[in-house]
Amino acid sequence: MSILIKPIITEKATADSELKNCYWFSVSTKANKVEIKKAVEAAYGVSVEKVRTINVRPDRSTKHTKTGIQYGKTNAVKKAIVQLAEGEMIDLYSNM
């Protein structure tokens, strides 16, 4: 099971990485904070100070079509905000 799925690169996440030294990741919904900390330290070779997690609920939608009512939902995701030690940084753009 892979704990880190992908880094989240948005305007808010980029601002956090520049100002607060925090990086956002999309992680497995079963992962806890200790596992996330170990995975980031192993993958990027940095020391992690703090990990915060967010469980994002699935969005449900209803569409009224000619054939009837269609129900749907998105997948639930978990995000992790990882704060690194002072002086450390992760270069997320090196592989692009």
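What you are looking at is a predicted structure, and each value in this text was computed from that prediction instead of being measured.

A. The arrangement of the nonpolar core in detail. Residues Phe25, Ile36, Val40, Val82, Leu84 and Ile90 are the most contacted members of the largest nonpolar core, which totals 17 residues. Among the elements of the structure, β2 (22-27), α2 (33-44), β3 (48-56) and β6 (77-84) are those that each provide at least two residues to this core. Not counting residues within four places of it along the chain, the set of residues in contact with Ile90 comprises Tyr23, Phe25, Val40, Tyr44, Val46 and Leu84. Membership of the second largest hydrophobic core comes to five residues, among which are Ile8, Ala13, Cys22 and Ile81.

B. Layout of a nonpolar patch on the surface. Judged by side-chain polarity, Ile54, Val56 and Val77 come together as a nonpolar surface patch covering roughly 180 Å² of accessible area. Looking at the secondary structure, you find Val77 in strand β6. Assessed through its relative accessible area of 34%, Val77 is described here as partly exposed.

What counts, and where the lines are drawn
Residues numbered from 1 in each chain as written. Predicted model: local features only at pLDDT ≥ 70, side-chain atom pairs only at ≥ 80, totals over all residues. Heavy atoms only, no water. Core = buried A, V, L, I, M, F, W, Y, C linked by side-chain atoms within 4.5 Å. Buried < 20%, exposed > 50% of the residue type's maximum accessible area, 1.4 Å probe, protein only. Helix = DSSP H or I, 4+ residues; strand = E, 2+ residues; numbered from the N terminus. Contact = heavy atoms within 4.5 Å. Patch = residues over 30% accessible without salt bridge, like charges linked within 9 Å, V, L, I, M, F, W, Y side chains within 5 Å. Areas by Shrake-Rupley, 256 points an atom, 1.4 Å probe, with all protein chains shown as cover. Salt bridge = Lys/Arg side-chain N within 4 Å of Asp/Glu carboxyl O.

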